[in-house]
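Architecture and fold: a report
Spelled out from the first residue to the last, the chains are:
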Amino acid sequence: MEETKNKNTQVLDIGENYAEKYGFRDPEEYFHKGAKGISHEVVEMISRMKKEPDWMRDFRHKALDIFYAKPMPKWGNTELLNSINFADIYYYIKPIEAQGKSWDDVPEYIKKTFDRLGIPEAERKFLAGVTAQYESEVVYHSFKEDLEKQGVIFLDMDSGLREHEDIVKKYFATVIPPNDNKFAALNSAVWSGGSFIYVPPGLDVKIPLQAYFRINAENMGQFERTLIIADKGSRVHYIEGCTAPVYSTNSLHSAVVELLALEGAYIRYTTIQNWAHNIFNLVTKRAVAHKNATVEWVDGNIGSRLTMKFPAVYLVGEGAKGEILSIAFAGNGQHQDAGAKAIHAAPNTSSRITSKSISKGGGRASYRGLVKVYPHATKSKVSVECDALLIDGASRSDTYPTMEIDADEVRIEHEARVSKVAEEQIFYLTSRGLTEDEARLLIINGFIEPFTKELPMEYAVELNRLIELEMEGSVG
Amino acid sequence: MTTQTTILEKVKIGFRPLQPGEPDWIYRIRREAWDRYLEQPLPERVQNIWRYTAPESFLAKNIDALMNLYPVVPDGSNGKPYPVTPEYAAIGYNLDNRMTVTKMTPEISAKGVVFKDIYSALRENEGFAGRFLGKLVGASFGKFEALNLALWNTGFFLYIPDNTVIEKPILMNRHPGGQFTMGRLLVVVGRNSEATIIDDYAGECRLEDPAANSVVEIFVGDSSRVRYVNLQRLSSRCSSYITQRAQVEQNGSLYSIFGAMGSALSKVNAGTILNGKGADSRMYGVLFGDNGQHFDYHTMHHHKASESYSNIDFKVILKDKANSAYTGLIRIEKETANCEAYQENRNLLLNKGTRAESIPELEILADQVRCTHGATMGPIDPEMLFYLESRGVARVEAVKMIVGGFVEPTISQIPSDLQPVLRNLVLDKLGSEL
């Protein structure tokens, strides 16, 4: 405990409650902890331990070559990006030998971690299924029987590959190939864990599917790989939430998330990212929406040192819809480089991007977005709205929207606003008896309300609580 | 590598004075800029400002053309009168990329205004004009800007003293010749003065190397009001590259107006640094492209001082495979307070095959700000067209009215004496196409 406290003090701008609430950590008791650094041997070892089919092993090796060959991105926060030492990261850690079959099999120390995160209660209450990722393997996995009977597959990615190789092989890396970018290549080489979901045609999954991810080992990268396929006319809502213990050296998190919404399907993917403030979160998230399908990303970025995450929707079928709703909160030492991409590749497609960001205490929030309309995607509609709130003079807010319109008969609208919390609003609220802190919090909650109202209730509550923690001591 | 070396060798032999007896200090600045040009790589396409236009387009096709630029001809009037027409206070001409002619009315020369070709102005007044050369757009600005500083051989210097109001506009006619054209305009306005500058690029590009590279630097002193109009009506064979930077001091104001109709390829990088408290900068753009024309306009407003105000309003009309890339940056520095910055880019796509890109960027490092930007792209609203036609307006007229209505809010913002210039440019272009 003493040691933890010392380390906590090195991390700037984390409320004291934060450390107690989320900053606990367990002694590292790993069944297997590979060596640091990345090489073809490490990739071979990961693939062998997972007893993967040859095509996946080859895929990993090819991806590693692409990772080596690709240069670091030359845009964004290059200073932080170039500070990543790939040789100083564990690429694979397996906490226990086999996956917990039932709650009783889950080791006590892991249970304790989950208890403090509140997962079992949440599950008992109403969750459909939980895959809680602890380190690189999924240790606990439950599923409601009726969903299983209906043919919904909800597994961790490794089990998905073992049990449904045909589906995985058909769709894996079709949305985000390894050569998409350097970090997607890295993930493709060393991925471990993540969720695999298949929803059969016409099925409406009424209850959101959820997974919690945690990072727990110092210098350890997590490379989840999530693949969600909603077959024709089906509907599914997936929720991913993250909290992480506080550590003193940088940790890398680089996930790849692929969504496929086939004809007429609907996918909503909700994330609240709350990594500790020393974690690099470099994520590739992309969805393909076929004819008349709808994909919605609801994306909250609160934690991490540097987040680069631009959820994308490729509208490839006529009448497809995409919606991306995001908030970013950047505190001291943080850079939230988040945004959205909408690619219109078919006629009559529509997309809507709403982005809200809050910067405080020297934090930097950037909106970076791309809207592209290809020549034949006529009668498409795009609307982009970015609002930024600056809490103090030390903070920074950037907006980098890119719009490339190659078709006629399209309607594009983009708007952005940057402002500070209005003094009149604060004055009004304080004159009604609120303290200045309360007033500010109330205004901020109002500012992000379009986002929170899209979240399931307990997430909205948790998000408001997180913002409250982040805002503590911000006035003065 | 070997080609690079050959070029360097050639340059050592070939880099020559602008004119016999060129002052050392000018030669030195140019020579250093030339070295900077040679050592800088081409800009990387990953930067937004080069995302839509290949930098290669602005390289001289052959280095000999660069090294054998015409020498400066300070007074190219050749005995001809070149009168100042009554609507202007002064007129300058650049002819065939070598002759520079400047004429002022006696009234303004009595006020102490200096209007000269840039070479003579620098040569005669190192202590003053020399202080400003390359201060806003120098050799480290970029590869093509370094090239300009190294090889400029035409252009104007304009100085307006303190407390001087020039009511009529000062017109600069720029006619690039057949060669790679290197023009430079340096404007220094003292305190509490007023001037209007019309910088008009027009003409035919005759040879196989039809690129114009132009740099404009404008210094606006305390409480002065300057209006700068940049018209680009070059022939459809030209490619033009214009970098403009202005610096506005305390309570000064600058209106920059861009009208672009010509050139096959036109890249403009225009920016204002709001350097003094209460500085005010507004940029208005009306761009009309057709026939595969490519416009690439970048604007920048850099707020370095408190209570500064900036506004950008760019309207783009495109038809017949024309395309436009607009990128704009607003940056508000730390420790400024109460800055306001607005930016709007609207694109009207008249028919199929046109393309518009827009990247309006914001970088805000202070909290006491009001800042918004917006961008839209779309065709003529069919309902508007239907409404007008149902009232008996012919389609051609209806389109004219709608296009006029699209640019009018921008045009009506600019000083009223300049409005007809832009309005006519749009109508002419529209009229000739319909």
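Residues numbered from 1 in each chain as written. Chains lettered and ligands numbered in written order. Predicted model: local features only at pLDDT ≥ 70, side-chain atom pairs only at ≥ 80, totals over all residues.

**Topic: the overall build of chain A**
Note the threshold: Under the scheme used here, helices are H or I runs from DSSP no shorter than 4 residues and strands are E runs no shorter than 2 residues, and both carry numbers assigned from the N terminus. In this scheme the burial state of a residue depends on its C-beta neighbours within 10 Å: 20 or more other such atoms mean buried, 12 or fewer mean exposed, and anything in between means partly exposed; the C-beta positions come from the backbone. Here the contact rule is simple: place C-beta atoms from the backbone, and any two residues whose C-beta atoms are within 7 Å are in contact.
Scanning chain A from N- to C-terminus turns up 15 helices and 23 strands. Every one of the 476 residues in chain A was classed for burial, and the buried ones make up 53%. Long-range pairs, those at least 24 residues apart, make up 83% of the contacts in chain A between residues at least 6 apart in sequence.

**Some thoughts on the overall build of chain B**
If you tally the helices and strands in chain B, you get 10 helices and 19 strands. Taking all 434 residues of chain B together, 52% fall into the buried category. Residue pairs at least 24 apart in sequence account for 81% of intrachain contacts in chain B once pairs closer than 6 positions are excluded.

**A look at the packing of helix α12 (residues 423-431) of chain A against helix α13 (residues 436-447) of chain A**
All names here are of chain A. Test applied: Every angle, taken between N-to-C directions, lies between 0 and 180 degrees, and every axis is a line fitted to C-alpha atoms, over only the stretch in contact when it is a helix. Angle categories: roughly parallel below 35 degrees, roughly antiparallel above 145, roughly perpendicular from 65 to 115, and oblique for all the rest. Should the near helix be turned anticlockwise from the far one by less than a right angle, the crossing is termed left-handed; should it be turned clockwise, right-handed. Side-chain classes are defined by residue name, with Ala, Val, Leu, Ile, Met, Phe, Trp, Tyr, Cys and Pro counting as nonpolar, Asp, Glu, Lys and Arg as charged, and the others, Gly among them, as polar.
Where α12 contacts α13, the axes come no closer than 9 Å and their chain directions differ by 125 degrees. Classified by the interaxial angle, the pair formed by α12 and α13 is oblique. Once α12 is placed against α13, the crossing between them reads as right-handed. Taken together, the residues of α13 that come into contact with α12 (itself represented by Gln-425, Ile-426, Leu-429 and Thr-430) are Glu-436, Ala-439, Arg-440, Leu-442 and Ile-443. Residue composition of the contact of α12 with α13, grouped by class: five nonpolar, two polar and two charged.

**Quick look at the environment of Ile-197 of chain A**
Residue and element names in this part refer to chain A. Here Ile-197 is to be found in strand β6 (residues 195-199). For Ile-197, a count of 24 C-beta atoms within 10 Å translates into the label buried. In this structure the C-alpha to C-alpha distance between Ile-197 and Leu-259, which are 62 residues apart in sequence, comes to 9.4 Å. Each residue touching Ile-197, except ones within four places of it in the same chain, is listed here: Ile-153, Phe-154, Leu-209, Ile-228, Ile-229, Val-236 and Tyr-238.

**Re α13 of chain A**
Note the following rule: To estimate how far a helix should extend, the number of its residues minus one is multiplied by 1.5 Å.
Compared with an ideal rise of 1.5 Å per residue, which puts 12 residues at 16 Å, α13 of chain A spans 16 Å between its outermost C-alpha atoms and is within 8% of the ideal. Those residues of α13 of chain A not exposed but buried are Ala-439, Arg-440, Leu-441 and Ile-444 of chain A.

**Quick notes on the nonpolar core**
All names here are of chain A. Test applied: By definition, a nonpolar core groups buried Ala, Val, Leu, Ile, Met, Phe, Trp, Tyr and Cys residues that connect through C-beta atoms lying within 7 Å of each other. A domain assignment, automatic or from a database, supplies the domain bounds used here.
Membership of the largest hydrophobic core comes to 240 residues, with the highest contact counts inside it found for Val-190, Ile-197, Ala-230, Ala-261, Ile-267, Ala-287 and Ala-289. The residues that make up this core include at least three from each of domain 1 (2-309) and domain 2 (424-476). Sequence-distant contacts of Val-190, defined by excluding residues within four places in its chain, comprise Ile-38, Val-43, Ile-46, Tyr-91, Tyr-92 and Phe-223.

**What about the confidence of the model for chain A?**
In low-pLDDT regions, the fine details of the predicted coordinates are not to be read closely. Residue and element names in this part refer to chain A. Threshold: Note on scores: pLDDT gives the predictor's confidence for each residue, bounded by 0 and 100.
On average, chain A scores 79 in pLDDT, and the residues at 70 or more come to 75%. When mean pLDDT is compared element by element in chain A, strand β16 (residues 312-315) scores highest at 97, while helix α7 (residues 119-126) scores lowest at 39. Note that residues 244-248 has pLDDT below 50 and, in this model, 26 contacts with residues that lie over four places away or in other chains.

**Considering helix α3 (residues 40-49) of chain A**
Residues and elements named next belong to chain A. Worth spelling out the cut-off: This arc describes the spread of directions from the helix axis toward the C-beta atoms.
Those residues of α3 lying buried are Val-42, Val-43, Ile-46 and Ser-47. Within α3, the buried residues cover an arc of 130 degrees as seen down the axis, which keeps them to one side. Opposite the buried face of α3, at more than 90 degrees from it, the exposed residues are Glu-41 and Arg-48. Among the structural elements, α4 (54-69) and α11 (182-190) are those in contact with the buried residues of α3. Trailing α3 by a residue or two, Lys-51 shows a phi angle of about 50 degrees, which is positive.

**Remarks on the packing of α4 of chain A against α11 of chain A**
When two helices pack together, their arrangement is given by the angle between the helix axes and by the axis-to-axis distance. All names here are of chain A. The interhelical angle for the contact between α4 and α11, taken along N-to-C directions, is 150 degrees, at an axis separation of 7 Å. The pairing of α4 with α11 is recorded here as roughly antiparallel in orientation. Seen along the crossing, α4 lies across α11 with a hand that is left-handed. Along its contact with α4, which presents Phe-59, Arg-60, Ala-63, Leu-64, Ile-66 and Phe-67, the element α11 presents Lys-182, Ala-185, Leu-186, Ser-188 and Ala-189.

**Quick notes on the pairing of strand β6 (residues 181-189) of chain B**
Residues and elements named next belong to chain B. So the rule is basically this: At least two DSSP bridges between two strands are needed for those strands to be called paired.
Burial runs high along β6: nine of the nine residues are buried. Across the two faces of β6 the burial is the same, with Thr-181, Gly-183, Leu-185, Val-187 and Val-189 and Met-182, Arg-184, Leu-186 and Val-188 all buried. Alignment of strand β4 (residues 154-160) against β6, held across seven bridges, turns out to be parallel. Bridge pairing in β6 places Tyr-159 opposite Val-188. Two strands pair when backbone bridges link them, and β6 and strand β8 (residues 211-220) are joined in this way by nine bridges, in the parallel orientation. Bridge pairing in β8 places Arg-184 opposite Val-215.

**Some thoughts on the interface of chain B and chain A**
Taken together, the contact pairs 33 residues of chain B with 31 residues of chain A. Going through the elements one at a time, β18 (355-364) and β19 (369-378) of chain B are the ones with two or more residues in the side of chain B that touches chain A. Considering only residue class, the side of chain B that touches chain A consists of 14 nonpolar, nine polar and 10 charged. In terms of strand pairing, strand β22 (residues 396-405) of chain A meets β18 of chain B through six bridges, oriented antiparallel. Bridged to Ile-405 of chain A within β18 of chain B is Ala-356 of chain B.

**Regarding the environment of Pro-53 of chain A**
All names here are of chain A. Positionally, Pro-53 belongs in the loop between α3 and α4. Among the residues examined, Pro-53 registers 15 C-beta atoms within 10 Å and is labelled partly exposed. When the C-alpha positions of Pro-53 and Arg-162 are compared, they lie 8.6 Å apart, and in sequence the two are 109 residues distant.

**Looking at the confidence of the model for chain B**
Predicted confidence across chain B gives a mean pLDDT of 87, with 88% of residues reaching 70 or more. Overall fold confidence (pTM) sits at 0.80, and the ipTM for the predicted complex is 0.72.

**Things to note about the pairing of strand β10 (residues 239-248) of chain B**
All names here are of chain B. Within β10, 10 of the 10 residues are buried, leaving the element largely enclosed by the surrounding structure. Along β10, one buried face is formed by Ser-239, Tyr-241, Thr-243, Arg-245 and Gln-247 and the opposite face, lined by Ser-240, Ile-242, Gln-244, Ala-246 and Val-248, is buried too. Note that β8 and β10 share 10 bridges and pair parallel. The residue of β10 that forms the bridge with Ala-212 is Ser-240. Pairing of β10 with strand β12 (residues 265-274), which is carried by 10 bridges, proceeds in the parallel orientation. For Val-248, the partnering residue across the bridge sits in β12 and is Leu-274.

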